Amino acid sequence: MPSKDTTNDEVMTSKDWREQRRWKLPKTEKDGINRVVVVSTRHVLPTASYSSNMLTAAANITVRMNSNTIQLNNSNPLEFNTQYSFAYINLMTELVPNNQYEVTITYKGPLRTDLNGFYRNYYLENGVKKWLGATQMEPTHARKAFPCFDEPQLKATFTISIDRPSTYKNSLSNMKMQSSMDLGNGYVRETFYPTPRMPTYLVAFLVSEFEAGQYRNGTQEFGIFSRPEAKNQTLYAFDFGIKVVEELGSYFGIDYYSTNENIKLDHVAIPDFRAGAMENWGLVKYREALLLTDSDQTAPYFRYRIAQILAHETTHMWFGNLVTCHWWSNTWLNEGFANYFQDYITSLIEPEIGSANLLVTSSAYVAYAADDTPTAAPLTNDEVNSPAEISGHFGSITYQKGGSIIRMIHYLIGDDAFRLGLRTYLTNNALGSGYPNLLYAALDYAVTTQNSLSSYPNTTVADVMGSWVSQAGHPIIHVNINYNTDTVTLTQKRFYINAEHSSNEIYKIPITYTTGLSPNFNNTKPMFIMNDQSYEFTIANVSQTWVIFNVQESGFYKVNYDQRSWELIASLLKGQERTNIHHLNRAKIVNDLFSFLYGDEVNFSDLHNVLEFLSQEDEYSVWLAALRGFTKLRNSFLGNNDVLPQIESYILSFMSSYINRFGYVERQTDSFEDMRNRQQILEFACKLGHSGCVSQAEAMFKALRENGTEVSPSLRSVVYSTGLRYGTGEDYDFLWNRAKSTNLANEIWIILDVLGHTTNEEKLKRYLVSMTEENSPVRTQDLTTPLSSVLSNYSNLPLVMDLLKTDYASWASIYTTMDSVLSTVASNLRTESDFSEFEAFLSSCTECTDAAKTAARNSLQVARASKVWADSHEAAILSTFKNNSNTAIPSVLMLIISLAIFFIRY
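Residues numbered from 1 in each chain as written. Predicted model: local features only at pLDDT ≥ 70, side-chain atom pairs only at ≥ 80, totals over all residues. Heavy atoms only, no water.

## Notes on the overall build of the chain
Helices and strands together make up the secondary structure of the chain, namely 28 helices and 30 strands. Computed over its C-alpha atoms, the radius of gyration of the chain comes to 29 Å, within 12% of the 29 Å expected for a compact globule of 906 residues. Considered along the principal axes of its C-alpha atoms, the chain spans approximately 90 × 70 × 60 Å. The burial tally for the chain puts 61% of its 906 residues in the buried class. For the chain, the share of sequence-separated contacts (at least 6 apart) that also reach a separation of at least 24 residues comes to 71%. In the structure as shown, the chain presents an accessible area of about 34,000 Å², 47% of it carried by carbon and sulfur atoms. Distance from the positive charge centre (74 side chains) to the negative charge centre (95 side chains) of the chain: 3 Å. (Helix = DSSP H or I, 4+ residues; strand = E, 2+ residues; numbered from the N terminus. Rg over C-alpha atoms; globule rule 2.2 N^0.38 Å. Buried < 20%, exposed > 50% of the residue type's maximum accessible area, 1.4 Å probe, protein only. Contact = heavy atoms within 4.5 Å. Areas by Shrake-Rupley, 256 points an atom, 1.4 Å probe, with all protein chains shown as cover. Lys, Arg positive; Asp, Glu negative; His and termini not counted. Charge placed at Lys NZ, Arg CZ, Asp CG, Glu CD.)

## Here's the deal with the pattern of salt bridges
Opposite charge on two side chains makes pairing possible when the charged atoms of those side chains draw close. Evaluation of the coordinates by the stated rule reveals 42 salt bridges. Residue Arg705 is joined to Asp731 by a salt bridge in which the shortest nitrogen-to-oxygen separation is 2.7 Å. Of this pair, Arg705 sits in helix 16 (residues 691-707) while Asp731 sits in helix 18 (residues 729-741), placing them 26 residues apart in sequence. Classification of Arg705 by relative accessible area gives partly exposed; the value is 35%. Here Glu710 makes a salt bridge to Arg738, at a shortest N to O gap of 2.7 Å. Of the two residues, Glu710 sits in the loop between helix 16 and helix 17 (716-725) while Arg738 sits in helix 18, which places them 28 residues apart along the sequence. Counted as one network, the salt bridges with shared partners bring together Glu710, Arg716, Arg738 and Glu747. (Salt bridge = Lys/Arg side-chain N within 4 Å of Asp/Glu carboxyl O.)

## Points about the packing of helix 18 against helix 20 (residues 761-768)
Two elements in contact, helix 18 and helix 20, have axes whose closest approach is 9 Å; the angle formed by their N-to-C orientations is 30°. Our classification of the angle between helix 18 and helix 20 gives roughly parallel. In this structure, the crossing between helix 18 and helix 20 has a hand that is right-handed. Residue-level contacts link Gly729, Tyr732, Asp733 and Trp736 of helix 18 to Lys763, Arg766 and Tyr767 of helix 20. Tallied by class, the residues present in the contact of helix 18 with helix 20 amount to three nonpolar, one polar and three charged. (Axes fitted to C-alpha atoms, helices over the stretch in contact; angles between N-to-C directions. Parallel < 35°, antiparallel > 145°, perpendicular 65-115°, else oblique. Left-handed = near helix turned anticlockwise from the far one by under 90°. Nonpolar A, V, L, I, M, F, W, Y, C, P; charged D, E, K, R; others polar.)

## Section: the nonpolar core
Within the largest apolar cluster, 275 residues are counted, with the highest numbers of intra-cluster contacts made by Trp318, Phe341, Met465, Phe549, Phe630 and Phe838. No other element matches helix 1 (residues 235-252), which puts 10 residues into this core. Sequence-distant contacts of Phe341, defined by excluding residues within four places in its chain, comprise Leu248, Tyr251, Phe252, Ala311, Thr315, Thr346, Phe418 and Leu422. (Core = buried A, V, L, I, M, F, W, Y, C linked by side-chain atoms within 4.5 Å.)

## Some words on the UniProt feature "domain: ERAP1-like C-terminal" (unreviewed entry) in the chain
Here, the residues flagged by UniProt with the feature "domain: ERAP1-like C-terminal" (unreviewed entry) are residues 546-852. Span residues 546-852 is 64% helix and 2% strand, its end C-alpha atoms 52 Å apart. (UniProt positions renumbered as here; feature names shortened; annotations may be inferred.)

## Quick word on the sheet that holds strand 23 (residues 475-482)
Ordered by their spatial adjacency, four strands build an open sheet running 28-24-23-30, and the pairing between neighbours is mixed. The strands lining the two open edges of the sheet, one partner per strand, are strand 28 (534-538) and strand 30 (558-561). Averaged over neighbouring strand pairs, the angle between their axes works out to 25° when direction is ignored. Along the sheet face, helix 11 (residues 583-598) touches strand 23 and strand 30 and points at about 80° away from the line of strand 30. (Pairing = 2+ DSSP bridges.)

## Things to note about the state of the cysteines
If you walk through the whole model with that rule in mind, you get two disulfides. Paired by a disulfide, Cys686 and Cys693 hold their sulfur atoms 2.0 Å apart. On the sign convention where negative means left-handed, the S-S torsion of about -100° between Cys686 and Cys693 marks this disulfide as left-handed. You can call Cys686 buried: its relative accessible area is 2%. Residue class for Cys693 comes out buried when judged on its relative accessible area of 3%. Take Cys148: it sits in no disulfide, and the sulfur closest to it among the cysteines is that of Cys325, at 16 Å. (Disulfide = S-S within 2.5 Å.)

## Here we look at the packing of aromatic side chains
Enumeration according to the criterion identifies 56 aromatic pairs in this entry. Measuring from centroid to centroid gives 5.3 Å for Tyr340 and Tyr344, while their planes differ by 15°, and the two rings are stacked. Placement of the pair is Tyr340 and Tyr344 together in helix 3 (residues 332-349), with a separation of four residues, close to one helical turn. Tyr344 matches Tyr340 in its accessibility class, with the two residues each being buried. Ring centres 5.0 Å apart and planes at 45° place the aromatic pair Tyr650 and Phe881 in the tilted group. (Phe/Tyr/Trp six-rings, centres within 6.5 Å; stacked < 30°, edge-to-face > 60°.)

## What about unusual backbone geometry?
Note on backbone geometry: most residues besides glycine have negative phi, and most peptide bonds are trans. For the bond running from Glu138 to Pro139, omega is -5°, close enough to zero to count as cis. In this structure, Pro139 sits in the loop between strand 10 (128-136) and strand 11 (157-165). In this structure, Leu431 takes a positive phi of about 65° despite not being glycine. Here Leu431 is to be found in the loop between helix 7 (415-428) and strand 22 (432-434).

## Quick word on the pairing of strand 24 (residues 487-494)
Bridge count for strand 23 against strand 24 is eight bridges, and the pairing is antiparallel. Note that in strand 24 the partner of Asn480 across the bridge is Thr489. Hairpin connection from strand 23 to strand 24: four residues lie between these consecutive antiparallel strands, with Asp486 at a positive phi of about 65°. Direction of pairing for strand 24 relative to strand 28: antiparallel, over a ladder of five bridges. Looking at strand 28, one finds that Thr491 is bridged to Ser534.

## Considerations on the environment of Ala441
Relative to the helices and strands, Ala441 resides in helix 8 (residues 436-450). Residues Ala441 and Met65, 376 residues apart in the sequence, show an inter-C-alpha distance of 40 Å.

## Let's talk about the packing of helix 11 against helix 13 (residues 620-636)
In contact at an axis separation of 7 Å, helix 11 and helix 13 are set at 15° when each is read in the N-to-C sense. Taken as axis vectors, helix 11 and helix 13 run roughly parallel relative to one another. Judged by the sense of rotation from one axis to the other, the crossing of helix 11 with helix 13 is left-handed. Across the interface between the two elements, His583, Leu584, Arg586, Ala587, Val590, Asn591, Phe594 and Tyr598 of helix 11 pack against Ser621, Val622, Ala625, Ala626, Arg628, Gly629, Phe630, Lys632, Leu633 and Ser636 of helix 13. When its residues are assigned to classes, the contact of helix 11 with helix 13 shows 10 nonpolar, five polar and three charged.

## Notes on helix 16
Helix length check: helix 16, at 17 residues, gives a terminal C-alpha distance of 23 Å against a target of 24 Å (1.5 Å per residue), a fit within 8%. Of the residues flanking the end of helix 16, it is Gly708, one or two places downstream, whose phi is positive at about 70°. (Expected span 1.5 Å × (residues − 1).)

## Let's talk about the side chain of Asn585
Positionally, Asn585 belongs in helix 11. Within the local environment of Asn585, its side chain forms a polar contact with the backbone oxygen of Asn550, the two atoms lying 3.0 Å apart. Ignoring sequence-local partners within four residues, the contact set of Asn585 consists of Phe521, Ile548, Phe549, Asn550, Val551 and Gln552. (Polar contact = N/O pair within 3.5 Å; in protein donor to acceptor, adjacent residues only side chain to side chain.)

Printed below as a string of structure tokens:
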């Protein structure tokens, strides 16, 4: 590994850029080394990386020890390993132990166009195309900008100089600008202060004509940058961004600006950016839609999303930048904390937007869904080595599960110990590498100092947290109560969505519960830790009331109850005391039951008996859980024309009651979550053909088209989608032109998501290849959006299949890889005829790569499993509908009443 004083010096220009790179190699510790390895993965030292289009000639490489040049092997100076991006520099003589060597590489590389490494991009300003140069290095793209030691634990300081056109604005990089010099040739050379010790993936720079919409000067520089025409959309990000960096600095006990005297913090909105955002130290980059807002035009979803992502990326200034995971196998040490604090810290700053709830209904629910198969990886995944494996590890396990486990530990040890533990971890390892054992040690130190685990004898954070980090999956706890003796028996096992799988993992589970005798859903301190497969204890007089486990979903586990307990819970939910159960526990009951249905832990009739309370439910969190479940249930029966209409009617019966109460338009009394809830329910109701929803949305769309009457931001996705589903090709053109002309990126996002909902076949075909049109609003970052949008309507599957068969080459020229395209199509197949047709296509496709076929067949296997489940459960579902026919199908009278109420109220 490089020594602590390793420095990387670079000189870059904005056109035909060149770099001379010098490395100080570590003192060698072994005899017999006669080559320098330029690589990109651990296990081989010393390490660095390359991109084959820049490192081709040995004449550009010099190796020195002090002033002595080490001769390269004349017959074989360079070797390459393309799988790992290794370049081997072979020497004529052996390296001498305990000496430091310097490697100098002079090279040039192209400005890329794939949004990775150092890439060029553009935006339109008054019809004129404006070019910019931006970067995206994480996780393994720095090697595409310059040869480097492209691994997270190999940190260095970077001094960056940029030659930019004099007509451009000041360049931006990680640090404050140190000097600027006019070169007299139409270029200005700008040099930035050296960075702190950091990994290559955090290096960032921007050459553009961007301007600061908001900026705070002084010793704590902070700014929001964008293209000039979007400067008026930066105020919210500026205000919230300052609050979040201050709040996090206070929480972690390390002020951001104290880490380096030349540090600053800029947030930049990029018109075309592959990641949602990127935490480059001092120069954080975002997609425009996730940073810029218009207070009159931005939907509530984007206001939440912008706050969340600002908090996420700012958290990385400590977790990821100040202390970096030693290797990508433990990426959760970076991303898990960012995922947790994105909502936790936001809930402290702006509690009204509901971030505390979304820690559960967004993060935990997404994590559960990614974690319930035999192929789910543990948080610490030692099978992460190649660039492809590294990229694949940036998923829901690393992010959402990582955040959920951190949240569980926070509840277990309490806030004082949690704060102290994190401060200790960050302070002790500042500018170094993080390991799970270092985190555990810091938290255990804090626990000992605060005496916060005294209620749990012989318990350490390392033991508890380690059982969740090292093992894949999560548990389901079965609760069995002996109502004669008040004895409760808990049994745990790993939960699989497919009941055919089983394994013997044992998790150390913090157990919380409350009962109807003295309900307390605010006490999230665990009663005990369940260390074994089963645990038996007594709850006094539990036979007289209900009991609910996992208060506020403070633990990452599912709970299934015995039949009597479910009956008591269902009865409570249907009564006037329903709201005595915390809304997150009501949501948990719904989310768990849907999982249990697919995992064959409960029957559909059991699910139905509990879900009946939804007709009276108003909480966003509960409906979010319900709609997740209903969506999966409906998707399972797409293509089954006997069952699907009854399922859709069943779902509408619950939503109609809510719509009757809350109507179709925003009200002055609406909370932030009320607006989001109305949006999600109306989106689904209109999709299922709820007559009142459809007629109101069509009317709003017509008013927009004909009179310019703008739709409320929270309802635009509903209205735009419905206008297309029941409209014409002209309606598609109207929204397409709106996307091209609007200056608001999150408005474009909404439109692109729904354009595939049109029923006009020619427009669907056009949309699928719309990214090839001149000045298309579908940018490289949006490449997969048209296909996903079109396939959101199952009836469009034949059209997509026909185009794949007849014009595969055109598709392959648009997408950098067809793996995801074929996987997306395969995951939308539903019937045996779908499967047969697709398999026949794969078998006959000579242009399809083996990798694309493998990815497609993996998705096809999942789709087949869904069909098998649906077939085996169809009879039970239909029987439940028949036995509860009064709730299965909403009457026409109900829909008429719903429409009448709208006119009376509004």
